[in-house]
Amino acid sequence: MSQFARSPVTAVLGPTNTGKTYLAIERMCGHASGMIGFPLRLLARENYDRVVAMKGVENVALVTGEERIVPPKARWFLCTAESMPLERETAFVALDEAQLGADPERGHVFTDRLLRARGREETMILGSDALKPMVRALVKDAEIITRPRFSTLSYAGARKLSRLPRRSAIVAFSAEEVYAVAEAIRRMRGGAAVVMGALSPRTRNAQVQMFQSGEVDYLIATDAIGMGLNLDVAHVAFASLRKFDGRRQRRLTVAEMAQIAGRAGRHHKDGSFGALVEEGPNAFTPEEVLAIEGHHIPPLERLYWRRGEPDFASLDALIASLEEKPQHPVLTVAPQAIDLIVLKRLAEEDWVRARTRSPMMVRRLWAACGVPDFRKLGPDPHSRFVGRIFSHLSEGAGHIPHQWFADELQRLDQMNGDVETIAGRIAAARSWAYIAHRADWLLDPEHWAARTRAVEEKLSDVLHDRLRQRFVDQRTTVLLRRIGAGAADLPVDVAPDGMVSVDGHDIGRLTGFRFDVSPDTRVADKRLLIAAAEKGLAKELAKRGSELVVAVDAELALLADPGGVPGVTWNGLTVATLGPGPTLDRPVIALDRSLAVLSRDTQGQVRDRLTTWVATSSARQVPTLTTLAALSRDPAANGTLRAIAAALAEVGGIAPRDGFDTMAHALDPDDRRRLRRAGITIGTLDLFDPRLFRPAAARWRAALLAARDGQPIEPLAPVGASILPAGQGAWGFRRLGAQAVRVDLLERIARAIHDSRKGAAPFTPDVALATSIGLKPDTIAPLMTLLGFRPAAPVDAVPQWRWGGPPRRAPVRVAPPPVARPGNAFGALAGLAFDR
């Protein structure tokens, strides 16, 4: 026991939210020097910053396993309980959360500090009411002060994650469970901060700042939250009431429940607690609720103890002293901690025993065994790691090789990977930080401490970013807050490029009348964003609908991509498709599904506008079809003329003549003139309108034919093409052997050949025109036969032909088969126009 054991000891006990830590800091700062031991590195760091603000950085020290900031003139020390320099004399000493003496893993450390850590002028023991009988039994002259909670803590019942109030903390007891809950909160509420004891102070502070600033409304934490972290939490929800304590899975004690639940409320602000389920092993019992609300915590009956100043005379003496039984009845032997397990395993190695023949080397081995297993590797791997450390400490100059240290640090200095990978690197870096702060283990400890701190800080920043990316969706957070105010209040902005944002957060893009959620959005969030867009974009969509109703012709265009569905675009955006109508030139307008967001009246007006545009555009681009359709309904025309007009209109204005010969011979001169005025040429082989081969007319004709039949648009011949390979024939091309010739050019060739013959006498045809447009010599013979000529005896090896009668017809592709529909009187006749 310290030489200052007779200094006054005050035990300040009570539930959480009593300001015990603030009181201790105020009392310490009132003395010329002081020291406080905390249960967590995070708490030591938090309170170090607070005291630095009061006393100045040159007067305050931070001492933890992985961090050591000790200015030469330091007088006030903020430490973890394990790292308290008890050999240093200070006027004031305090131990925070002293009830942790009952913790199986670390309890012996807190019990030792409770018994031995004393200030020269004043000593304070801070803890819960459950510690009261232990203080009375072990520190008989201590003054016990009970501080009541400043605010009320009440049970709020069980609530699902989706119904938790804002400013809630959800407590889980494993990293996997913390991540799972955080992911669920991100989907439902937009995001959460994550706080675990394994996080570095830098990461933890950044996460807490997100919660404290209101960037997120939910905090997911392990039970480390119960150790004095000062947070603005209104409600604490338990995701589970069971935890693995290092040895077994067990239910939380009432004291542990109360410690965690007590984080709800701050100073005089009331708080509440509850579970996520009403029944089962993770639900509170009525007795537990009453105990927590009334702060009736079962008193502790024992504390774990291990000799604080072991015997270093020999290796066996050290082990024996660490397994020594306590003399006081309220103390019990602590379960074997990882440091003792490692020591006993190394003691079985002959080389270790050979190097620990002096008290100094025994002490050095025990110091190496004190390296914490931050990575949670387990006894065997951790023993090997400690053994390697001791092998270097026990040979040569007794220093860890800088190359090994540098290589391991370099291996950790990588910023790639997910949350778990980065967290694992930080845990490993903590081991090297602990080593770097052992002044006698390295040749240049200050250099390596700085290097290690720099790597940990870089990894900490990356981990914070990874946690933020994985568990925070600011768009969803903003939307959830805004949607509750009503659709009219949503501040939806649409940029000129169509990007849609809510309160400055991009949620997707509005393309025409279709809202597309941002591609980086997870599937689970899409429904929420689409719902927000539907509410917030109503005015913008109505505005665009009105603009479409009055769109000028220049803003509308035909969609006629080969292989696609025919339609209409507005400023490049598809707004409708074309379907079968009463006639080829009058297709039905089907509005694009994206226009379903418009009102019925607006949709009707849009449909009327597009119908008018299609009618006027088709009349301008393919006037033949409109004229033929009108002619087929003209009561002044005779039946034959109407039948021919109707059949030609049905197949798109191009047809082989052999299907019309009988009717064509029955036409009188006036009827033929009317067909010619309609644009139809009655050729030797085909009936056609040469204007239909113009690029724009060909696109419209192909689109109207595809709309009529409900089929994809057929590929068109290249612009200006007159001859194609037979296998690549297109509508309006007639096959001749290995080539296909456009029917209007074929008619010119046929007339030139007929003009060059002299009655029935043999002759050599003038094929100059044919060859000029690319007709091959072996195609001439099929053409001559098609036109009704027969081979005659050659003259001087020059082929001769003679007239042999009416031409024989060959197949020509003019249009796909018309769809059979009621009232289609000319379907059979039009069917004559197809390939045979």
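What counts, and where the lines are drawn
- Residues numbered from 1 in each chain as written.
- Predicted model: local features only at pLDDT ≥ 70, side-chain atom pairs only at ≥ 80, totals over all residues.
- Heavy atoms only, no water.
- Polar contact = N/O pair within 3.5 Å; in protein donor to acceptor, adjacent residues only side chain to side chain.
- Helix = DSSP H or I, 4+ residues; strand = E, 2+ residues; numbered from the N terminus.
- Phe/Tyr/Trp six-rings, centres within 6.5 Å; stacked < 30°, edge-to-face > 60°.
- Buried < 20%, exposed > 50% of the residue type's maximum accessible area, 1.4 Å probe, protein only.
- Lys NZ or Arg CZ within 6 Å of the ring centre and 35° of its normal.
- pLDDT = per-residue confidence, 0-100.
- Contact = heavy atoms within 4.5 Å.
- Pairing = 2+ DSSP bridges.
- Axes fitted to C-alpha atoms, helices over the stretch in contact; angles between N-to-C directions.
- 1 Å grid on protein atoms, 1.4 Å probe; cavity = no way out; pocket = protein on both sides within 12 Å on 5 of 7 lines; lining within 4 Å.
- Points joined across faces, edges and corners; volume = space filled by probe spheres on them.
- Nonpolar A, V, L, I, M, F, W, Y, C, P; charged D, E, K, R; others polar.
- Left-handed = near helix turned anticlockwise from the far one by under 90°.
- Salt bridge = Lys/Arg side-chain N within 4 Å of Asp/Glu carboxyl O.
- Core = buried A, V, L, I, M, F, W, Y, C linked by side-chain atoms within 4.5 Å.

J.: Hey, could you run me through helix H24 (residues 669-677) in this one?
T.: Given 3.6 residues to a turn, an α-helix orients residues that are three or four positions apart in the same direction. The N-capping residue of H24, defined by a side-chain oxygen 3.1 Å from the backbone nitrogen of aspartate 670, is aspartate 668. Just downstream of H24 lies glycine 679, where phi reads positive at about 105°.

J.: Looking at this structure, I do not really get the packing of aromatic side chains. What am I missing?
T.: Each aromatic ring pair is described using two quantities: the centre-to-centre distance and the angle formed by the ring planes. For the structure on display, the rule yields 15 aromatic pairs. Ring plane angle 90° and centroid distance 5.2 Å describe the contact between phenylalanine 238 and phenylalanine 284, whose orientation is recorded as edge-to-face. Of this pair, phenylalanine 238 sits in strand S13 (residues 235-238) while phenylalanine 284 sits in the loop between strand S16 (271-275) and helix H8 (286-293), placing them 46 residues apart in sequence. Judged by centre distance (5.4 Å) and plane angle (65°), the rings of phenylalanine 763 and phenylalanine 789 are edge-to-face. One end of the pair, phenylalanine 763, is in the loop between helix H26 (743-756) and helix H27 (768-772); the other, phenylalanine 789, is in strand S33 (residues 789-795), with 26 residues separating them in the sequence. As far as burial versus exposure is concerned, phenylalanine 763 and phenylalanine 789 are alike and both buried. The residue whose ring lies beneath arginine 167 is phenylalanine 211, and the NZ or CZ to ring-centre distance is 3.9 Å.

J.: Explanation requested: the confidence of the model for the protein in the structure shown.
T.: Interpretation of the predicted coordinates at a detailed level should be avoided for regions scoring low in pLDDT. Of all residues in the protein, 90% attain a pLDDT of 70 or more, and the chain-wide mean is 86. pLDDT under 50 marks residues 485-489. Its contacts with residues more than four places away, or in other chains, come to 1 contact. Scored below 50 in pLDDT, residues 810-836 shows 79 contacts in the model against residues more than four places distant or in partner chains.

J.: Help me understand unusual backbone geometry in this model?
T.: Phi at glutamate 97 is positive, roughly 55°, even though this residue is not glycine. Checked against the element boundaries, glutamate 97 lands in the loop between strand S6 (92-95) and helix H3 (107-116). Under the relative-accessibility criterion, glutamate 97 is labelled buried at 8%. Unusually for a residue other than glycine, lysine 376 sits at a positive phi of about 55°. Topologically, lysine 376 is positioned in the loop between helix H12 (359-369) and helix H13 (379-393).

J.: Explain the sheet that holds strand S25 (residues 573-583) to me, please; I cannot follow it from the model alone.
T.: Strand pairing within a sheet occurs via backbone hydrogen bonds; the two strands may be parallel or antiparallel. Spatially, the 4 strands line up as an open sheet ordered S23-S24-S25-S26, and their pairing is antiparallel. Where the open sheet ends on each side, the last strands, each with one partner, are strand S23 (556-559) and strand S26 (586-591). Taken over all neighbouring pairs, the strand axes of this sheet differ in orientation by 35° on average, direction set aside. The sheet strands contacting helix H25 (residues 695-709) are S23, S25 and S26, and the helix crosses S25 at an angle near 70°.

J.: Could you clarify how one ought to interpret the sheet that holds strand S4 (residues 68-69) in this entry?
T.: If you walk across this open sheet you meet the 8 strands as S4-S3-S5-S2-S6-S7-S1-S8, and the pairing is mixed. For this open sheet the edge positions go to S4 and strand S8 (143-146), each flanked by a neighbour on one side alone. Where strand S1 (residues 9-13) and strand S7 (residues 122-127) come together, 5 bridges link them in parallel fashion. Looking at S7, one finds that valine 9 is bridged to threonine 123.

J.: Which parts of the structure should I look at to understand the environment of alanine 792?
T.: Its location among the elements puts alanine 792 in strand S33. In this structure the C-alpha to C-alpha distance between alanine 792 and tryptophan 803, which are 11 residues apart in sequence, comes to 9.6 Å. Not counting residues within four places of it along the chain, the set of residues in contact with alanine 792 comprises Pro762, Gln800, Trp801 and Arg802.

J.: Can you walk me through the layout of surface pockets in this structure?
T.: Picture a little ball the size of a water molecule; that probe, rolled over the atoms, points out where space is still empty. Taken as a whole, the second largest pocket encloses approximately 340 Å³ of empty space. If you go around the second largest pocket, you meet 22 residues; those closest to its centre are Leu692, Phe693, Ala698, Leu716 and Ala717. Per-element accounting of the lining of the second largest pocket gives the leading share, 6 residues, to H25. Classifying every residue of the lining of the second largest pocket gives 16 nonpolar, 2 polar and 4 charged.

J.: Would you mind going over the packing of helix H6 (residues 201-212) against helix H16 (residues 445-471) with me for this structure?
T.: What describes two packed helices is the angle between their axes and the distance between those same axes. With their axes 8 Å apart at the nearest point, H6 and H16 run at an angle of 35° to one another. The two elements H6 and H16 meet at a crossing, and its hand is right-handed. Between H6, through Pro201, Arg202, Thr203, Ala206, Gln207 and Met210, and H16, the contact on the second element is made entirely by Glu456, Glu457, Ser460, Asp461, Leu463, His464, Leu467 and Arg468.

J.: What is the right way to look at the pattern of salt bridges in this model?
T.: Two side chains carrying opposite charge are able to pair once their charged atoms lie near each other. Enumeration over the complete set of coordinates arrives at 47 salt bridges. One salt bridge in this structure joins glutamate 46 and arginine 50, with 4.0 Å as the shortest N-O distance. With glutamate 46 and arginine 50 both in helix H2 (residues 41-55) and 4 residues apart, the pair spans about one turn of that helix. Between arginine 113 and aspartate 112 there is a salt bridge whose closest N-O contact spans 2.5 Å. Like arginine 113, the residue aspartate 112 is buried in the burial classification. Overlapping salt bridges bring together Arg41, Arg45, Asp49, Glu66, Glu67, Arg430 and Glu456 as one network.

J.: I tried to follow the pairing of strand S10 (residues 168-171) on my own but got confused; where do I start?
T.: Along S10, one buried face is formed by Ser168 and Ile170 and the opposite face, lined by Ala169 and Val171, is buried too. As paired strands, S10 and strand S12 (residues 218-221) are joined by 4 bridges and run parallel to one another. Its bridge partner lying in S12, serine 168 is registered against tyrosine 218.

J.: Help me understand the nonpolar core, please; the structure alone is not making it clear to me.
T.: A general trend in soluble globular proteins is that nonpolar side chains are found buried together. Within the largest apolar cluster, 70 residues are counted, with the highest numbers of intra-cluster contacts made by Ile170, Leu343, Ile389 and Trp441. Element by element, the count of residues in this core is highest for helix H15 (residues 419-436), at 10 residues. The residues touching tryptophan 441, leaving out its near neighbours within four places in the chain, are Arg364, Ala367, Ala368, Val371, Ile389, Leu393, Gly398, His399, Ile400 and Ile435. Counting 58 residues, the second-largest nonpolar core is a separate cluster that includes Val109, Phe238, Ala258 and Val330.

J.: It is not clear to me how the pairing of strand S2 (residues 34-38) should be interpreted in this structure. Could you clarify?
T.: Across a regular strand the side chains alternate sides, sitting on one face of the sheet and then on the other. Counting buried positions along S2 gives 5 out of 5 residues, so the element sits mostly inside the fold. A two-sided burial pattern is seen for S2, the buried positions comprising Gly34, Ile36 and Phe38 on one face and Met35 and Gly37 on the other. The pairing of S2 with strand S5 (residues 76-80) spans 5 bridges and is classified as parallel. Counted as the bridge partner of glycine 37 is cysteine 79 from S5. Relative to S6, S2 runs parallel, the two sharing 4 bridges. Within S6, the residue paired with glycine 34 across the bridge is phenylalanine 92.

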